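Summary of the model geometry
Each chain, letter by letter, is given below.
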Amino acid sequence: MKFDDYQYQRPAMESFEAQYKAYLNDFEAASSFEEQCQLFEKINTLRQEYTTMSNICHVRHTINTKDKFFEAENNFYDDTSPSVKALTNKFYDLLLNSRFRKKLEKKWGNQLFVIADLSLKTFKPTILEDLKEENKLTSEYVKIKAAAKIDFRGEKYTLPALTPLETSKDRQIRKEAATAKWSFYARHAKAVEDIYDKQVKLRQRIAQKLGYKNFIQLGYARMLRSDYNDEMVAKFRKQVEEFIVPIASKLYERQKKRIGIENLKYYDEYFRFASGNPKPKGSSNWIVENAAKMYRELSEETAAFFDFMRHNNLMDLVNKEGKATGGYCMFIPKYKAPYIFSNFNGTSGDIDVLTHEAGHAFQVFSSRNIGLNEYFWPTYEACEIHSMSMEFFTWPWMELFFKEDTDKYKFAHLSGAILFLPYGVAVDEFQHFVYENPMASPAERNEAWRNIEKKYLPHRENDDNDFFKKWRILAKAKSYFYYSVLLY
Ligand SMILES: [Zn+2]
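If you're wondering where the values come from, they're calculated on a predicted model, not measured in any experiment. (Residues numbered from 1 in each chain as written. Predicted model: local features only at pLDDT ≥ 70, side-chain atom pairs only at ≥ 80, totals over all residues. Heavy atoms only, no water.)

Further remarks concern the confidence of the model for the protein chain. It should be kept in mind that the predicted coordinates are not to be read in detail where pLDDT is low. In the predicted model, the protein chain carries a mean pLDDT of 90, and 94% of its residues have values of at least 70. The spread of mean pLDDT over the elements of the protein chain runs between helix H19 (residues 483–486), the lowest at 29, and helix H12 (residues 300–311), the highest at 98. A low-confidence stretch, residues 473–488 stays under pLDDT 50, and its non-local contacts, those more than four residues away or across chains, total 52 contacts. (pLDDT = per-residue confidence, 0-100. Helix = DSSP H or I, 4+ residues; strand = E, 2+ residues; numbered from the N terminus. Contact = heavy atoms within 4.5 Å.)

This is how it looks when you write it as structure tokens:
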């Protein structure tokens, strides 16, 4: 069935909750392992019905945030998902304390119980209203960015549509495009900073209600980090600082020489080659045709997967007005269908999406019959193993997309993987600062980011654009934003 034919209907919450509660009561009272197994299946299916509708809504809403119907539906899930979470936590509690736990564990594996245990640490009924508020703040943020219309030389651009100009061969165009973008952020700085500030304080309140000192440990539990802690993460950051930052700095030095620029400004950072950045050599349809050829040749399994995605219209790839920014992969359990969302804009990033997000989608497609909601995805960070591996598995086919630019693409892609590490740990260290100091003012947060940036991104010269610095900080709010949509 094609995505367009998936029936959307708002879940009737009263009967949904009554049914869920009835199953939970039966599960608790069950007198045999077999009986619990049957109820387990029923609960699974019921949860999938809600997730299916919520995820269809998420896709439709993010494709066009101006659509009033799905905006209202999105608000509905912001409001109801916390109470579904409450029921699922009740289920986890019953699972962990089941008389038949040993047998259940043998059947479903220990990981389910690890997830259940972590999940219980993230919820109490007393935070229900706070979670609704948290969802709302997230939605507000998505809308601000989706609504961007940026003036550049007399034309209006969305944020993703501006990217090719920001990496133009002409330095003046790069500078003007970047200035236009940061002016947009400047206009919305107050609104976004407010959302961020509210979110931080709200999370502090939630953490305290759950008995944590601050949001850090709660954040770790939400991300299902079951086998490493903040001390280990701090050590990893230290290693990146010691070993990777010097390599990154060398790469930026090489970049300066290549593009013939003495001072690498923020508007030069993503301009990698004097002859221009590598670009896919055709339209979005042409890209998809070539991706189909690539996945056919890569393996039988990827061939079946990509055919499924294409034939069922499970991708919305091209940037357009009103569409949420960024890219994601989603799973719609009732139809056992992954969905890929992206903002093609004619840059090499278009191919990154078709390898990265398709890596996620191929993983979840391969897990679609696993029979357990908790196992459709691995935990959040483990998800990236699949997506990033796919980026590299597909290297032998890059000529299909980049022709004479293939070597440039491979160089930029591989060095990009290294350059990301200092940036990624800078974001991580910043988030630790923010949630350890929830009362810090926006100015203090900005100061903290500048210091962290000096440590991990010493090549960066931000002298002449204050909003560039600021937005980098505000953009951090994003990192937790999509977590809520994956699992209920
Ligand atoms: Zn990913």
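Another point: the coordination of the zinc ion. In the first shell of the zinc ion, the protein supplies His356 (NE2), His360 (NE2), Glu384 (OE) and Glu384 (OE), at 2.1 to 2.6 Å from the metal. Coordination at the zinc ion is irregular, judged from the four donor atoms that bind it and the angles of 53 to 148° they form at the metal. On the primary sequence, the residues serving as donors to the zinc ion are separated as H-x3-H-x23-E. With histidine 360 in helix H13 (residues 349–366) and glutamate 384 in helix H14 (residues 380–393), this pair connects stretches of sequence that are 24 residues apart. Residue classification places glutamate 384 among the partly exposed positions, given a relative accessible area of 33%. (Donors = N, O, S within 2.8 Å, 3.2 Å for Na, K, Ca; no water. Tetrahedral: all angles 85-135°; square planar, octahedral: opposite > 155°, others 65-115°. Buried < 20%, exposed > 50% of the residue type's maximum accessible area, 1.4 Å probe, protein only.)

The next subject is the pairing of strand S4 (residues 328–332). A large share of S4 lies buried, amounting to five of its five residues. Of the two faces of S4, the one carrying Tyr328, Met330 and Ile332 and the one carrying Cys329 and Phe331 are both buried. Between S4 and strand S5 (residues 337–344), which pair antiparallel in sequence order, lie four residues; one of them, lysine 336, sits at a positive phi of approximately 50°. (Pairing = 2+ DSSP bridges.)

Here the focus is the packing of helix H4 (residues 101–108) against helix H5 (residues 110–120). Running from amino to carboxyl end, H4 crosses H5 at an angle of 115°, the nearest separation of the two axes being 6 Å. Judged by the angle between their axes, H4 and H5 are roughly perpendicular. Residues Arg101, Leu104, Glu105 and Trp108 of H4 touch H5, and the partners they reach there are Asn110, Leu112 and Phe113. Counted by class, the contact of H4 with H5 contains four nonpolar, one polar and two charged residues. (Axes fitted to C-alpha atoms, helices over the stretch in contact; angles between N-to-C directions. Parallel < 35°, antiparallel > 145°, perpendicular 65-115°, else oblique. Nonpolar A, V, L, I, M, F, W, Y, C, P; charged D, E, K, R; others polar.)

Glancing now at the environment of asparagine 55. Within the secondary structure layout, asparagine 55 lies in helix H2 (residues 33–63). With 277 residues separating them in the primary sequence, asparagine 55 and isoleucine 332 have C-alpha atoms 6.3 Å apart.

Moving on, we come to a nonpolar patch on the surface. A surface patch of nonpolar side chains, amounting to about 240 Å² of accessible area, comprises Met388, Phe392 and Leu414. Examined against the element boundaries, leucine 414 turns out to sit in helix H16 (residues 406–436). Looking at leucine 414, the relative accessible area reads 42%, which means it is partly exposed. (Patch = residues over 30% accessible without salt bridge, like charges linked within 9 Å, V, L, I, M, F, W, Y side chains within 5 Å. Areas by Shrake-Rupley, 256 points an atom, 1.4 Å probe, with all protein chains shown as cover. Salt bridge = Lys/Arg side-chain N within 4 Å of Asp/Glu carboxyl O.)

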